[in-house]
Amino acid sequence: MAQFNINTQYALGANEGSSQRTNNMFIILHETTNVGAANNAIYFKNNWSTTQTYVQYVIGDGGKIYQVGSDGYVAWGAGSYANANSPVQIELARTNDKATFQKDYETFVNFARYKAQQFGIPCTLDTGGKYDKGIKTHYWVSQNIWGSHIDPVQSYLYPKWGITQEQLAHDIAYGINGTSGGSTGGSSTKPSTPARNVVTVKNGPSTGIAGWNSKGEIVAGSNTTFVNGSSWQSAGIKIINGLPMYKVATDEYIPKKYTDQAGIITINAIKGIVAYDGNGNSISGTERTFTDFSKWQSPDSGVKVINGTIYFQVATNEYISAFYTIGGGNK
Ligand SMILES: [Zn+2]
């Protein structure tokens, strides 16, 4: 998963902003109506209680991300229903400089996609109604739920930079790969997030499963995020407290045994992958057995580390490298 540098200098403190948790329905896109990201983040930080307005992130100043509100807690950006159902709302700050805009827009789109995937929300823009998950513009909220705002497309992206609703929807669906120096709003034409590394939480308690950090400690409050049926992009597999876990955030992991991969592995290698024996010797020809997307029983306790690489057991003396399984990080 892409890594983003988030500036938390202007983040609200523990006793600031709403303490109400959200449902994970929408990611809402806004624009600030004025130039600059840091100044808008500072304004939210200093005036949230008097203006009753703030969001989780402000993006701008050449692709910088400033956090104000906390993910998964209500922010005050789009009316009570939308606020209560949006774990993340994002403001795009204005600029008059084209190169700055290209970086801002790329980060805005890719970060919205990243947050959507994190919260199990599809990367569809402005589709369906108020009960349908997805990424939504503030304008869509005004049309379908409440309010009169028309941002960010009609107020800024189109009149200032020529980016239409259709272009934004396309970019939200497919992501943008390195447009810096390229054409304004240019985007890739193929999906950048194949399902090869997506795992879905399954068979956890109804209150959700805990996320763990690399030290083997529970991430406080994480269970409300990792609920049954939510899907997560995994950046790889790590053994924590003796169990294989998927990396779903910078230092946050969920146990394999509570996902759709519990007790099995799914091969993630287009040409198939060879198995190894317990001494780390490859077993030639096995790549014709362990073909792409084939599934194999593998006990979650049957993990072996050979020469520093994590392997899953698939037979008495046959092991598959975790990297070449779904969620293992191979792209
Ligand atoms: Zn707005």
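Whatever comes next refers back to the structure up there.
What counts, and at which threshold
- Residues numbered from 1 in each chain as written.
- Predicted model: local features only at pLDDT ≥ 70, side-chain atom pairs only at ≥ 80, totals over all residues.
- Heavy atoms only, no water.
- Salt bridge = Lys/Arg side-chain N within 4 Å of Asp/Glu carboxyl O.
- Helix = DSSP H or I, 4+ residues; strand = E, 2+ residues; numbered from the N terminus.
- Buried < 20%, exposed > 50% of the residue type's maximum accessible area, 1.4 Å probe, protein only.
- Bend = angle between axes of the 7 residues up to and from the residue.
- Contact = heavy atoms within 4.5 Å.
- Pairing = 2+ DSSP bridges.
- Axes fitted to C-alpha atoms, helices over the stretch in contact; angles between N-to-C directions.
- Donors = N, O, S within 2.8 Å, 3.2 Å for Na, K, Ca; no water.
- Tetrahedral: all angles 85-135°; square planar, octahedral: opposite > 155°, others 65-115°.
- Arc of directions from axis to C-beta.

## Concerning the pattern of salt bridges
Turning to step 1, where the next piece is worked out: Under the criterion given, the structure shown has 5 salt bridges.
Turning to step 2, where the next piece is worked out: A salt bridge links Glu31 to Arg94, with the shortest nitrogen-to-oxygen separation between them at 2.8 Å. Residue Glu31 is found in strand β2 (residues 26-35), and its partner Arg94 is found in strand β5 (residues 88-94); the two are separated by 63 residues along the sequence.
Turning to step 3, where the next piece is worked out: By relative accessible area, Glu31 is classed as buried at 3%.
Turning to step 4, where the next piece is worked out: A salt bridge links Asp300 to Lys256; the shortest N-O distance between them is 2.6 Å.

## Observations regarding helix α1 (residues 38-51)
Turning to step 1, where the next piece is worked out: Maximum bend of α1: about 45°, positioned at Lys45.
Turning to step 2, where the next piece is worked out: Every buried residue of α1 is accounted for by Ala38, Asn40, Ala41, Phe44 and Trp48.
Turning to step 3, where the next piece is worked out: If you follow the buried residues of α1, they end up packed against β2, β3 (57-60), β4 (64-67) and β5.
Turning to step 4, where the next piece is worked out: Once α1 ends, the next one or two residues include Gln52, with phi positive near 55°.

## Some remarks on the sheet that holds strand β10 (residues 243-249)
Backbone-to-backbone hydrogen bonds join strands into a sheet, with any given pair of strands oriented parallel or antiparallel.
Turning to step 1, where the next piece is worked out: Taken together, 3 strands build an open sheet; the order of strands is β9-β10-β11 and the sheet is antiparallel. The outermost strands of the open sheet, each flanked by one partner alone, are β9 (237-240) and β11 (252-255). Strand after strand, the sheet turns through a mean of 50° between neighbouring axes, direction not considered.
Turning to step 2, where the next piece is worked out: Inspection of the sheet shows β9 paired to β10 by 4 bridges, in the antiparallel sense. Note that in β10 the partner of Lys238 across the bridge is Met245.

## As for the pairing of β5
Turning to step 1, where the next piece is worked out: In terms of residue burial, β5 counts as a mostly covered element, since 6 of its 7 residues are buried.
Turning to step 2, where the next piece is worked out: Where β2 and β5 come together, 6 bridges link them in parallel fashion. Considered in β5, the bridge of Val35 is made with Arg94.
Turning to step 3, where the next piece is worked out: Pairing of β3 with β5, which is carried by 3 bridges, proceeds in the parallel orientation. Considered in β5, the bridge of Ile59 is made with Leu92.

## Structural notes on the coordination of the zinc ion
Turning to step 1, where the next piece is worked out: Summarising the metal site, the zinc ion is bound by the protein donors His30 (ND1), His138 (ND1), Asp151 (OD) and Asp151 (OD), whose distances to it range over 2.0 to 2.8 Å.
Turning to step 2, where the next piece is worked out: Here the zinc ion is ringed by 4 donor atoms whose angles at the metal span 51 to 140°, and the overall shape comes out irregular.
Turning to step 3, where the next piece is worked out: Mapped onto the polypeptide sequence, the residues donating to the zinc ion form the spacing pattern H-x107-H-x12-D. With His30 in strand β2 and Asp151 in the loop between α4 (138-144) and α5 (153-161), the pair connects residues that are 121 residues apart, well separated along the chain.
Turning to step 4, where the next piece is worked out: The class of Asp151 is buried, set by a relative accessible area of 6%.

## Overview of unusual backbone geometry
Turning to step 1, where the next piece is worked out: In the segment running from Asp151 into Pro152, the intervening peptide bond is cis, with an omega of 0°.
Turning to step 2, where the next piece is worked out: Tracing the backbone shows Pro152 in the loop between α4 and α5.
Turning to step 3, where the next piece is worked out: Residues other than glycine seldom take positive phi values, yet Thr33 does so here, at roughly 75°.
Turning to step 4, where the next piece is worked out: As for its position among the elements, Thr33 is in strand β2.
Turning to step 5, where the next piece is worked out: Positive phi, close to 55°, is recorded for Asp126, a residue that is not glycine.
Turning to step 6, where the next piece is worked out: Residue placement: Asp126 occurs in the loop between α3 (98-118) and β6 (134-137).

## Regarding α5
Turning to step 1, where the next piece is worked out: Here α5 has its buried residues at Val153, Tyr156, Leu157 and Trp161. The buried residues of α5 all sit within an arc of 125° when viewed along its axis, so they share a single face.
Turning to step 2, where the next piece is worked out: For α5, the secondary structure elements touched by its buried residues are β2, β5, α3 and α6 (165-174).
Turning to step 3, where the next piece is worked out: One or two steps after α5, the chain reaches Gly162, where phi turns positive at roughly 75°.

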